[in-house]
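Working through the structure, step by step
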Amino acid sequence: MAPVTTRAVLLRAHDYGDSSRILRFYTRDHGLVSVVARGVRGRSGKGRATLATFASGDLTVYMKAHRDLHTMKDFACAMTREGLAGHMLRFSAASAAAELVLSHAEADPQPGVFDTLEFGLDALRTVEDEVLAGTALAVLWTITESFGFAPQLEGCVRCSEPLEGDEVGRFDFSAGGMRCAQCSEGAAGPRVGPVARSQLEALLSGHVPQGLTHTRRHLGLVSDFIAYHVVNRPLKSLRFLGSMLPSDDVEASVG
Ligand SMILES: [Zn+2]
(Lines give C-alpha, C1' and ligand atoms only; values in the text may rest on other atoms or scores of the structure.)
Protein backbone atom coordinates (compact mmCIF):
# COMPACT_ATOMS: atom_id res chain seq x y z
CA MET A 1 0.00 0.00 0.00
CA ALA A 2 1.60 3.23 -1.16
CA PRO A 3 1.24 6.24 1.12
CA VAL A 4 -0.35 9.46 -0.14
CA THR A 5 0.84 12.95 0.68
CA THR A 6 -1.46 15.95 0.92
CA ARG A 7 -1.40 19.45 2.35
CA ALA A 8 -3.18 19.29 5.72
CA VAL A 9 -4.06 21.29 8.80
CA LEU A 10 -4.38 19.60 12.19
CA LEU A 11 -7.74 20.44 13.78
CA ARG A 12 -8.02 18.11 16.75
CA ALA A 13 -5.92 15.58 18.65
CA HIS A 14 -6.40 13.22 21.53
CA ASP A 15 -4.35 10.55 23.24
CA TYR A 16 -4.75 6.94 22.24
CA GLY A 17 -3.24 4.01 24.10
CA ASP A 18 0.05 4.45 25.94
CA SER A 19 2.06 6.35 23.38
CA SER A 20 -0.11 7.20 20.38
CA ARG A 21 -2.47 9.96 19.41
CA ILE A 22 -5.47 10.15 17.14
CA LEU A 23 -5.21 13.23 14.94
CA ARG A 24 -7.97 14.74 12.83
CA PHE A 25 -6.68 16.66 9.84
CA TYR A 26 -8.51 18.63 7.22
CA THR A 27 -6.66 17.96 3.98
CA ARG A 28 -6.67 19.61 0.58
CA ASP A 29 -6.93 16.38 -1.43
CA HIS A 30 -8.86 13.99 0.83
CA GLY A 31 -11.16 16.13 2.97
CA LEU A 32 -11.31 15.10 6.63
CA VAL A 33 -8.73 12.44 7.49
CA SER A 34 -8.34 10.79 10.91
CA VAL A 35 -5.05 9.05 11.59
CA VAL A 36 -3.31 7.15 14.32
CA ALA A 37 0.11 8.63 14.99
CA ARG A 38 2.02 5.90 16.77
CA GLY A 39 4.68 6.59 19.34
CA VAL A 40 4.40 10.37 19.22
CA ARG A 41 3.41 11.00 22.83
CA GLY A 42 6.86 10.69 24.31
CA ARG A 43 8.27 13.30 21.95
CA SER A 44 9.42 16.52 23.37
CA GLY A 45 10.56 19.83 21.94
CA LYS A 46 10.28 20.24 18.21
CA GLY A 47 8.42 17.02 17.50
CA ARG A 48 5.70 18.00 19.90
CA ALA A 49 5.30 21.55 18.60
CA THR A 50 4.92 20.40 15.00
CA LEU A 51 1.92 18.23 15.95
CA ALA A 52 0.11 21.07 17.69
CA THR A 53 -3.45 22.03 16.84
CA PHE A 54 -3.76 24.37 13.81
CA ALA A 55 -0.36 23.38 12.43
CA SER A 56 -0.20 23.08 8.62
CA GLY A 57 2.10 20.94 6.55
CA ASP A 58 2.38 17.91 4.32
CA LEU A 59 0.68 14.85 5.76
CA THR A 60 1.79 11.46 4.49
CA VAL A 61 -0.64 8.70 5.32
CA TYR A 62 -1.36 5.08 4.52
CA MET A 63 -5.01 5.25 3.52
CA LYS A 64 -7.09 2.10 3.78
CA ALA A 65 -10.20 1.92 1.62
CA HIS A 66 -13.53 1.86 3.49
CA ARG A 67 -11.88 2.78 6.78
CA ASP A 68 -12.33 5.89 8.86
CA LEU A 69 -9.03 5.66 10.70
CA HIS A 70 -5.75 5.62 8.78
CA THR A 71 -2.11 5.34 9.76
CA MET A 72 0.14 8.40 9.68
CA LYS A 73 3.56 7.95 8.16
CA ASP A 74 4.81 11.50 8.55
CA PHE A 75 3.76 15.09 9.06
CA ALA A 76 6.21 17.65 7.67
CA CYS A 77 5.11 20.77 9.48
CA ALA A 78 5.40 23.99 7.49
CA MET A 79 3.66 26.33 9.93
CA THR A 80 2.87 25.78 13.61
CA ARG A 81 0.53 28.79 14.18
CA GLU A 82 1.65 28.73 17.80
CA GLY A 83 0.50 32.36 18.22
CA LEU A 84 -3.11 31.21 18.25
CA ALA A 85 -2.74 29.24 21.45
CA GLY A 86 -1.48 32.19 23.50
CA HIS A 87 -4.47 34.46 22.99
CA MET A 88 -7.96 33.50 24.21
CA LEU A 89 -10.03 35.27 21.53
CA ARG A 90 -7.75 34.17 18.68
CA PHE A 91 -7.77 30.61 19.99
CA SER A 92 -11.54 30.45 20.50
CA ALA A 93 -12.18 31.87 17.01
CA ALA A 94 -9.80 29.32 15.48
CA SER A 95 -11.49 26.57 17.52
CA ALA A 96 -14.88 27.67 16.18
CA ALA A 97 -13.56 27.52 12.61
CA ALA A 98 -12.18 24.05 13.33
CA GLU A 99 -15.44 22.84 14.86
CA LEU A 100 -17.37 24.14 11.85
CA VAL A 101 -15.13 22.23 9.43
CA LEU A 102 -15.03 19.08 11.59
CA SER A 103 -18.83 19.13 11.89
CA HIS A 104 -19.65 19.48 8.22
CA ALA A 105 -16.73 18.30 6.08
CA GLU A 106 -16.47 14.71 4.91
CA ALA A 107 -13.88 12.63 3.10
CA ASP A 108 -14.43 14.27 -0.29
CA PRO A 109 -11.97 16.95 -1.33
CA GLN A 110 -13.16 20.57 -1.18
CA PRO A 111 -10.02 22.58 -1.93
CA GLY A 112 -11.96 25.85 -1.66
CA VAL A 113 -12.89 25.03 1.93
CA PHE A 114 -9.30 24.04 2.71
CA ASP A 115 -7.86 27.27 1.30
CA THR A 116 -10.48 29.37 3.10
CA LEU A 117 -9.72 27.63 6.39
CA GLU A 118 -5.95 28.11 6.09
CA PHE A 119 -6.37 31.74 5.05
CA GLY A 120 -8.71 32.30 7.98
CA LEU A 121 -6.38 30.71 10.54
CA ASP A 122 -3.51 32.86 9.28
CA ALA A 123 -5.69 35.97 9.56
CA LEU A 124 -6.70 35.08 13.12
CA ARG A 125 -3.05 34.65 14.00
CA THR A 126 -1.82 37.92 12.52
CA VAL A 127 -4.51 40.65 12.48
CA GLU A 128 -4.45 43.58 14.90
CA ASP A 129 -6.52 43.28 18.07
CA GLU A 130 -8.94 46.03 16.91
CA VAL A 131 -10.19 43.96 13.97
CA LEU A 132 -9.97 40.56 15.63
CA ALA A 133 -13.68 40.16 16.45
CA GLY A 134 -14.62 41.22 12.92
CA THR A 135 -12.03 38.85 11.49
CA ALA A 136 -13.53 35.98 13.51
CA LEU A 137 -16.93 36.77 11.94
CA ALA A 138 -15.42 37.01 8.44
CA VAL A 139 -13.66 33.65 8.91
CA LEU A 140 -16.91 31.93 9.96
CA TRP A 141 -18.91 33.45 7.11
CA THR A 142 -16.30 32.70 4.43
CA ILE A 143 -15.96 29.06 5.53
CA THR A 144 -19.76 28.77 5.55
CA GLU A 145 -19.87 30.18 2.03
CA SER A 146 -17.05 27.89 0.87
CA PHE A 147 -19.28 24.95 1.86
CA GLY A 148 -21.91 26.38 -0.50
CA PHE A 149 -24.18 28.17 1.97
CA ALA A 150 -24.68 31.93 1.93
CA PRO A 151 -27.56 34.09 3.12
CA GLN A 152 -29.75 35.83 0.57
CA LEU A 153 -29.35 39.54 1.30
CA GLU A 154 -30.47 41.41 -1.80
CA GLY A 155 -33.92 40.10 -2.59
CA CYS A 156 -36.62 39.18 -0.07
CA VAL A 157 -36.69 35.43 0.62
CA ARG A 158 -40.50 35.47 0.57
CA CYS A 159 -41.64 37.82 -2.21
CA SER A 160 -38.32 38.17 -4.12
CA GLU A 161 -38.67 41.97 -4.25
CA PRO A 162 -35.29 43.71 -3.96
CA LEU A 163 -34.66 45.36 -0.60
CA GLU A 164 -34.42 49.14 -0.84
CA GLY A 165 -31.23 50.85 0.28
CA ASP A 166 -32.63 52.05 3.60
CA GLU A 167 -35.07 49.21 4.20
CA VAL A 168 -35.15 47.48 7.58
CA GLY A 169 -36.26 43.87 7.39
CA ARG A 170 -35.91 40.77 9.46
CA PHE A 171 -33.58 37.84 8.98
CA ASP A 172 -35.46 34.61 8.31
CA PHE A 173 -33.19 31.76 9.38
CA SER A 174 -35.21 28.86 8.01
CA ALA A 175 -35.55 30.57 4.62
CA GLY A 176 -31.87 31.54 4.72
CA GLY A 177 -31.92 35.29 4.23
CA MET A 178 -33.60 38.68 4.45
CA ARG A 179 -37.31 39.41 4.43
CA CYS A 180 -38.36 42.82 3.11
CA ALA A 181 -40.09 45.24 5.52
CA GLN A 182 -43.55 44.20 4.38
CA CYS A 183 -42.90 40.45 4.70
CA SER A 184 -41.28 41.09 8.10
CA GLU A 185 -44.56 42.11 9.74
CA GLY A 186 -45.31 39.58 12.42
CA ALA A 187 -42.09 37.66 11.67
CA ALA A 188 -39.80 36.66 14.53
CA GLY A 189 -36.23 36.90 13.20
CA PRO A 190 -33.76 39.61 14.21
CA ARG A 191 -34.23 43.04 12.68
CA VAL A 192 -31.47 43.82 10.19
CA GLY A 193 -31.08 47.30 8.78
CA PRO A 194 -29.10 48.61 5.81
CA VAL A 195 -25.86 49.08 7.77
CA ALA A 196 -25.85 45.53 9.09
CA ARG A 197 -26.77 44.22 5.65
CA SER A 198 -23.79 45.88 4.01
CA GLN A 199 -21.60 44.70 6.91
CA LEU A 200 -22.80 41.14 6.27
CA GLU A 201 -21.91 41.47 2.59
CA ALA A 202 -18.41 42.64 3.51
CA LEU A 203 -17.91 39.81 6.04
CA LEU A 204 -19.06 37.25 3.47
CA SER A 205 -16.40 38.51 1.09
CA GLY A 206 -13.80 38.23 3.84
CA HIS A 207 -13.52 41.91 4.74
CA VAL A 208 -13.97 43.53 8.13
CA PRO A 209 -16.16 46.61 7.64
CA GLN A 210 -14.91 49.86 9.12
CA GLY A 211 -16.44 50.72 12.47
CA LEU A 212 -18.03 47.30 12.93
CA THR A 213 -19.96 47.16 16.21
CA HIS A 214 -22.52 44.75 17.66
CA THR A 215 -20.17 41.86 17.11
CA ARG A 216 -22.15 39.65 19.49
CA ARG A 217 -25.31 40.16 17.46
CA HIS A 218 -23.36 39.47 14.29
CA LEU A 219 -22.04 36.30 15.89
CA GLY A 220 -25.64 35.36 16.75
CA LEU A 221 -26.54 35.71 13.05
CA VAL A 222 -23.71 33.54 11.76
CA SER A 223 -24.19 31.01 14.60
CA ASP A 224 -27.90 30.58 13.90
CA PHE A 225 -27.33 30.49 10.15
CA ILE A 226 -24.77 27.71 10.61
CA ALA A 227 -27.11 25.84 12.97
CA TYR A 228 -29.98 26.03 10.45
CA HIS A 229 -28.14 25.34 7.22
CA VAL A 230 -24.71 23.80 7.73
CA VAL A 231 -24.47 21.70 10.88
CA ASN A 232 -28.10 21.40 12.08
CA ARG A 233 -27.18 22.09 15.68
CA PRO A 234 -25.52 24.89 17.62
CA LEU A 235 -21.71 24.74 17.68
CA LYS A 236 -20.41 24.68 21.25
CA SER A 237 -17.34 26.74 20.48
CA LEU A 238 -19.47 29.57 19.10
CA ARG A 239 -21.19 30.06 22.45
CA PHE A 240 -17.78 30.28 24.08
CA LEU A 241 -16.55 32.68 21.41
CA GLY A 242 -19.61 34.87 22.06
CA SER A 243 -18.73 35.14 25.72
CA MET A 244 -15.37 36.61 24.73
CA LEU A 245 -16.81 39.42 22.58
CA PRO A 246 -17.70 42.83 23.98
CA SER A 247 -21.36 42.98 24.99
CA ASP A 248 -23.66 44.90 22.67
CA ASP A 249 -25.84 47.87 23.48
CA VAL A 250 -29.28 46.96 24.66
CA GLU A 251 -31.30 47.44 21.49
CA ALA A 252 -33.43 45.20 19.39
CA SER A 253 -31.69 45.37 16.04
CA VAL A 254 -28.41 45.11 14.26
CA GLY A 255 -27.41 48.30 12.42
ZN1 LIG B 1 -40.92 40.44 0.85
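Keep in mind that what you see is a predicted model, and the values were worked out from it rather than measured.

1. Description of the packing of helix 2 (residues 88-104) against helix 8 (residues 236-244)
In a pair of packed helices, the angle between the axes and the distance between the axes together describe the arrangement. One can describe the packing of helix 2 onto helix 8 by two numbers: an axis separation of 8 Å at closest approach and a directional angle of 155°. Classified by the angle their axes make, helix 2 and helix 8 are roughly antiparallel. Here helix 2 and helix 8 pass one another in a crossing that is left-handed. Contacts from Met88, Leu89, Ser92, Ala93, Ser95, Ala96 and Glu99 in helix 2 reach Lys236, Ser237, Leu238, Phe240, Leu241 and Met244 in helix 8. Looking at the contact of helix 2 with helix 8 residue by residue, the class counts come to eight nonpolar, three polar and two charged.

2. Quick word on the pairing of strand 5 (residues 69-79)
Pairing geometry for strand 3 (residues 31-37) and strand 5, over three bridges, is parallel. Counterpart to valine 36 in the pairing with strand 5 is threonine 71. Judged from the seven bridges that link them, strand 4 (residues 56-62) and strand 5 form a sheet pairing that is antiparallel. When the bridges of strand 5 are listed, glycine 57 appears paired with cysteine 77. Here strand 4 hands over to strand 5 after six residues, with histidine 66 in that stretch at a positive phi of 60°.

3. As for the environment of valine 35
Tracing the sequence through the fold places valine 35 in strand 3. Counting along the chain gives 200 residues from valine 35 to leucine 235, while the straight-line C-alpha distance between them is 24 Å. With near-sequence residues (within four places) excluded, valine 35 lies in contact with Leu23, Phe25, Val61, His70, Thr71 and Met72.

4. Topic: the domain arrangement of the chain
Partitioning the chain into structural domains gives domain 1 (4-80) and domain 2 (88-254). At the junction of the two partners, domain 1 supplies twelve residues and domain 2 supplies 15 residues. At three residues, the largest contribution of residues to the side of domain 1 that touches domain 2 is made by strand 1 (residues 4-16). Split by residue class, the side of domain 1 that touches domain 2 holds five nonpolar, three polar and four charged.

5. Notes on the sheet that holds strand 5
Strand order in the closed barrel formed by five strands is 1-2-3-5-4, and the pairing between neighbours is mixed. Neighbouring strand axes in the sheet, compared pairwise and without regard to direction, differ in orientation by 50° on average. Strands strand 1, strand 2 (20-27) and strand 3 of the sheet are contacted by helix 2, whose axis makes an angle of about 105° with strand 1. Lying over the sheet, helix 3 (residues 111-126) contacts strand 1, strand 2 and strand 4, oriented at roughly 60° with respect to strand 1.

6. Re unusual backbone geometry
Of note, the phi angle at histidine 66 is positive, near 60°, even though the residue is not glycine. In this structure, histidine 66 sits in the loop between strand 4 and strand 5. The exposure class of histidine 66 is exposed, given the 4 C-beta atoms found within 10 Å. In this model, serine 160 sits at a positive phi of 70°, which is unusual for a non-glycine residue. Examined against the element boundaries, serine 160 turns out to sit in the loop between helix 4 (132-146) and strand 6 (169-172). Among the residues examined, serine 160 registers 10 C-beta atoms within 10 Å and is labelled exposed.

7. Regarding the pairing of strand 3
Note: strand 2 against strand 3, seven bridges, orientation antiparallel. Bridge pairing in strand 3 places leucine 23 opposite valine 35. Between strand 2 and the antiparallel strand that follows it, strand 3, lie three residues.

8. Re the nonpolar core
Formed by 62 residues in total, the largest nonpolar core has its most connected members in Phe25, Ala97, Val101 and Leu140. Counting only domains with at least three residues in this core, you end up with domain 1 (4-80) and domain 2 (88-254). Once residues within four sequence positions are removed from consideration, phenylalanine 25 is found in contact with Ala8, Val9, Leu10, Leu11, Val33, Val35 and Leu59.

9. Structural notes on the environment of leucine 59
For leucine 59, the location among the structural elements is in strand 4. Spatially, the C-alpha atom of leucine 59 lies 48 Å from that of valine 168, the residues being 109 residues apart in sequence. With residues up to four places along the chain from it excluded, the contact list for leucine 59 reads Thr5, Thr6, Ala8, Phe25, Thr27, Met72 and Phe75.

10. Describing helix 3
Between its first and last C-alpha atoms helix 3 spans 23 Å; for 16 residues at 1.5 Å apiece the expected length is 22 Å, and the two agree. Of the residues making up helix 3, those classed as buried are Val113, Phe114, Thr116, Leu117, Gly120, Leu121, Ala123 and Leu124.

Rules of the game
Residues numbered from 1 in each chain as written. Predicted model: local features only at pLDDT ≥ 70, side-chain atom pairs only at ≥ 80, totals over all residues. Axes fitted to C-alpha atoms, helices over the stretch in contact; angles between N-to-C directions. Helix = DSSP H or I, 4+ residues; strand = E, 2+ residues; numbered from the N terminus. Parallel < 35°, antiparallel > 145°, perpendicular 65-115°, else oblique. Left-handed = near helix turned anticlockwise from the far one by under 90°. Contact = placed C-beta atoms within 7 Å. Nonpolar A, V, L, I, M, F, W, Y, C, P; charged D, E, K, R; others polar. Pairing = 2+ DSSP bridges. Domains from an automatic or database assignment. Buried ≥ 20, exposed ≤ 12 C-beta atoms within 10 Å, placed from the backbone. Core = buried A, V, L, I, M, F, W, Y, C linked by C-beta atoms within 7 Å. Expected span 1.5 Å × (residues − 1).

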